[in-house]
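Structural overview for review
One letter stands for each residue in the lines below.
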Amino acid sequence: MRRFFRATIRATIRATILGLAPLVLACASTAGGAPESSTAAAAAPASRALPPAESVPTLVVFITIDQMRADYFDRFASQLTGGLARLDRGGAFFTNAFQDHAITETAPGHATTLSGRFPRHTGIVINSAGVQDPQSPVIGAPSLNASPFRFRGGTLIDWIRIKDPRSRALSVSRKDRAAILPVGRAHQNVYWYDPTSGRFSTSTYYADTLPEWVRAFNARRIPQSYTGKSWSTLLASGYPEPDSQPVENQGKDFTFPHVLPADTAEAVRSLPDFPWMDEVTLQMALTGLRALDLGRGSQTDLLAVSLSTTDAVGHRYGTDSRELHDQVLRLDRSLGAFLDTLYSIRDSAKIVIALTGDHGVAPTPEVYAARTGITTRRVRTSNVIKPFTEALTARGVDPSAFRYAEGMLIVEREVLERAGFDPDSLVDAFAREVKKIPGVLRADRYPAIVRDSLADPIARRWYHQIPDDLPVALVVTLDKYSVGSGNATGIHGSPYDYDANVPVLFYGPPFIPGRYTRFARVADLAPTLAWVTATRPTEKLDGDVLWEAIRAR
Ligand SMILES: [Zn+2]
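Cut-offs applied
- Residues numbered from 1 in each chain as written.
- Predicted model: local features only at pLDDT ≥ 70, side-chain atom pairs only at ≥ 80, totals over all residues.
- Heavy atoms only, no water.
- Helix = DSSP H or I, 4+ residues; strand = E, 2+ residues; numbered from the N terminus.
- Rg over C-alpha atoms; globule rule 2.2 N^0.38 Å.
- Contact = heavy atoms within 4.5 Å.
- Areas by Shrake-Rupley, 256 points an atom, 1.4 Å probe, with all protein chains shown as cover.
- Lys, Arg positive; Asp, Glu negative; His and termini not counted.
- Charge placed at Lys NZ, Arg CZ, Asp CG, Glu CD.
- Pairing = 2+ DSSP bridges.
- Axes fitted to C-alpha atoms, helices over the stretch in contact; angles between N-to-C directions.
- Phe/Tyr/Trp six-rings, centres within 6.5 Å; stacked < 30°, edge-to-face > 60°.
- Buried < 20%, exposed > 50% of the residue type's maximum accessible area, 1.4 Å probe, protein only.
- Donors = N, O, S within 2.8 Å, 3.2 Å for Na, K, Ca; no water.
- Tetrahedral: all angles 85-135°; square planar, octahedral: opposite > 155°, others 65-115°.
- Parallel < 35°, antiparallel > 145°, perpendicular 65-115°, else oblique.
- Nonpolar A, V, L, I, M, F, W, Y, C, P; charged D, E, K, R; others polar.
- Salt bridge = Lys/Arg side-chain N within 4 Å of Asp/Glu carboxyl O.

So, about the overall build of the protein. A count of helices and strands for the protein gives 21 helices and 19 strands. The C-alpha radius of gyration computed for the protein amounts to 23 Å, which stays within 12% of the reference 24 Å derived for 553 residues, consistent with globular compactness. Once the C-alpha set of the protein is aligned to its principal axes, its extents read approximately 65 × 60 × 50 Å. Expressed as a percentage of contacts within the protein between residues at least 6 apart in sequence, the contacts between residues at least 24 apart total 75%. Total accessible area computed for the protein in this model is approximately 21300 Å², and 52% of it derives from carbon and sulfur atoms. With 62 positive and 58 negative side-chain charges, the protein shows a spacing of 3 Å between the two charge centroids.

The next point concerns the sheet that holds strand β16 (residues 472–478). Pairing in this open sheet of four strands is antiparallel, and the strands run β13-β14-β16-β15 from one edge to the other. In the strand order of this sheet, the two ends are held by β13 (402–405) and β15 (440–445), each with one partner. Looking at each pair of strands side by side, their axes are set apart by 15° on average, direction ignored. Across five bridges, β15 lies against β16 in antiparallel orientation. Bridge pairing links Asp444 to Val475 in β16. The strands that helix α17 (residues 423–435) touches are β13, β14 (408–411), β15 and β16; relative to β15, the one it contacts most, it runs at about 170°.

With respect to the element layout, Val328 can be found in helix α13 (residues 322–345). Once residues lying within four places of it in the same chain are set aside, the contact partners of Val328 are Tyr72, Phe76, Leu80 and Leu84.

So, about the packing of aromatic side chains. If you walk through the whole model with that rule in mind, you get 23 aromatic pairs. Here Tyr404 and Phe430 contribute two aromatic rings whose centre-to-centre distance is 5.1 Å and whose plane-to-plane angle is 50°, an arrangement assigned as tilted. With Tyr404 in strand β13 and Phe430 in helix α17, this residue pair connects regions lying 26 residues apart in the sequence. Comparing Tyr404 with Phe430 shows no difference in burial state: the two are buried.

Before going further, it helps to examine the pairing of β14. Across the two faces of β14 the burial is the same, with Met408 and Ile410 and Leu409 and Val411 all buried. Across four bridges, β13 lies against β14 in antiparallel orientation. Opposite Phe402, over in β14, you have Val411 as the bridge partner. In textbook terms, the turn of a hairpin is the stretch between consecutive antiparallel strands, and for β13 and β14 this stretch comprises two residues, one of which, Glu406, has a positive phi near 50°. Examined bridge by bridge, β14 and β16 share three bridges and lie antiparallel to one another. Paired with Leu409 across the two strands is Leu474, which belongs to β16.

Looking at the zinc ion, one finds its protein donor set to be Asp66 (OD), Thr106 (OG1), Asp358 (OD) and His359 (NE2), positioned 2.0 to 2.1 Å from the metal centre. Coordination at the zinc ion comes from four donor atoms whose angles at the metal span 97 to 135°, giving a geometry best classed as irregular. All donors of the zinc ion belong to a single chain; written as a sequence motif, their spacing is D-x39-T-x251-D-H. Of this pair, Asp66 sits in the loop between β1 (59–65) and α3 (72–75) while Asp358 sits in the loop between β12 (351–357) and α14 (365–372), and the two are 292 residues apart along the sequence. Both residues of the pair, Asp66 and Asp358, count as buried.

Here is the key point about a regular strand: its side chains alternate between the two faces of the sheet. Within strand β11 (residues 301–307), seven of the seven residues are buried, which leaves the element mostly enclosed by the surrounding structure. Of the two faces of β11, the one lined by Asp301, Leu303, Val305 and Leu307 and the one lined by Leu302, Ala304 and Ser306 are each fully buried. The sheet contact formed by β1 and β11 spans seven bridges and is parallel. What sits directly across from Leu59, in β11, is Asp301. One ladder, built from five bridges, connects strand β6 (residues 169–173) with β11; its direction is parallel. When the sheet's bridge partners are listed, Ser173 is paired in β11 with Ser306.

With that settled, the discussion passes to the packing of helix α12 (residues 309–317) against α13. At a minimum axis distance of 9 Å, the contact between α12 and α13 shows a crossing angle of 170°. In terms of their interaxial angle, α12 and α13 are classed as roughly antiparallel. On the side of α12, the interface is formed by Thr309, Thr310, Val313, Gly314 and Tyr317, while α13 contributes Glu323, Leu324, Gln327 and Leu331. When the residues that make up the contact of α12 with α13 are grouped by side-chain class, the tally is four nonpolar, four polar and one charged.

Bringing the pattern of salt bridges into the picture now. In total, this model carries 35 salt bridges according to the counting rule given. Across the salt bridge formed by Asp293 and Arg346, the nearest N and O atoms sit 3.9 Å from each other. Residue Asp293 is located in the loop between α11 (276–292) and β11, and its partner Arg346 is located in the loop between α13 and β12; the two are separated by 53 residues in the primary sequence. Looking at Arg346, the relative accessible area reads 9%, which means it is buried. Each of Arg413, Glu417, Asp424, Asp428 and Arg445 takes part in a single network of salt bridges with overlapping partners.

Here it is, written out as structure tokens:
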């Protein structure tokens, strides 16, 4: 036991140095007792019965904000008057909540939201192996395609439907992966924006044709109506961020106003980079809610909406920009109007709302370095694989047997051995080379990640990332505040808290409003929503019910 506490203290010190949330739950289960700490999970009431039918909501509204850092609520608090303010002030807000995995990208983050499971158990590990599926073309845009075929297991809507097969879901986003993954493999109503046409569509995984209400929504040509429109700041003043920062948007068009092209086809392609994209997405969600009559029966229906512009603006101008600031204010107003309409057409006593983010974002390296004096780098590690690829190709070996993606070195040992290579010496050579690159903090062999996952927060997040059947031999972690490949101003994808800390927020009758500061995970969302909808998950989850936020009856 003493050794456990020493390890915990060491881990906590390391976590503090690295700026990573202390681990709590893993220790608690391994050491056979919850640590005496205010951050400990509330114990599950052993005899707690599922809520009675009359208190079960008929509508769960689940909102994901792409690239939403938890600290945005406080950073912009004095100027929030709309939906974000309403949810913050009236909701149960877990501010110290995390996407507790290492590759903090959109697809793995969205797959975790309503599955209650880490990427290790959803199989959605990286964006580039997310929802792409050539067997599921997008209706009306056959050059595009998407489906959840890689997703493993079920999600909240599947469990709810096992209880009551009448339950239905509508999931809407600008992005395909953000619409698809929160409902897993469910064949429900799932629509996303096609920027080549300015229309919302789905893929043949879900339907052969678009229903009348989607065609009617598209016929209104709302995205097209923004052609030539100019984006200026919402407020006349109150933006401490300098506007003119040449580091933003790769030195092009980095000051207000930003103007959508005068050509309609170009405008609908560019709309995702403008705050109005979120408004259109929310209008689409409300139109679908009405058309499908969700939330009106005695069953529980699900409306999932993922809003993508915060991510687009964050990538383009960075988290430190005036543009990001204005985007969050406009998102707050759009969400406020959405909630007003929602509560005017459905009974607020029967609605539960949850809100989270799929990942955060790093401070813009150049801005952060100038402000703090801390060295930050843009690090390209992908070139290290080149000589290995060349050597394998020269010997007639498929180079995918030794490939590098998002910090993971994936090694098909048997393929290499058959060709006469020693996989371990190749991995060691790769590790030696990658560690020479300034900005690379560490390169860990996978067995060390497994071994250290209880005591080392970075190892824990990598462990939560990697399914057992993905043959990852080595993982590469950069220095804190250095960022990986890509030319965007804002970058995310690391195991550090600035990329992992997102809001986990519940709003509605079952929840006790307040700020909750104990460590929580996005994986806790689904089991918590399952509980308040009197639903039993039909599979093993990584998350736990956040009991302390739920009213005792
Ligand atoms: Zn994202």
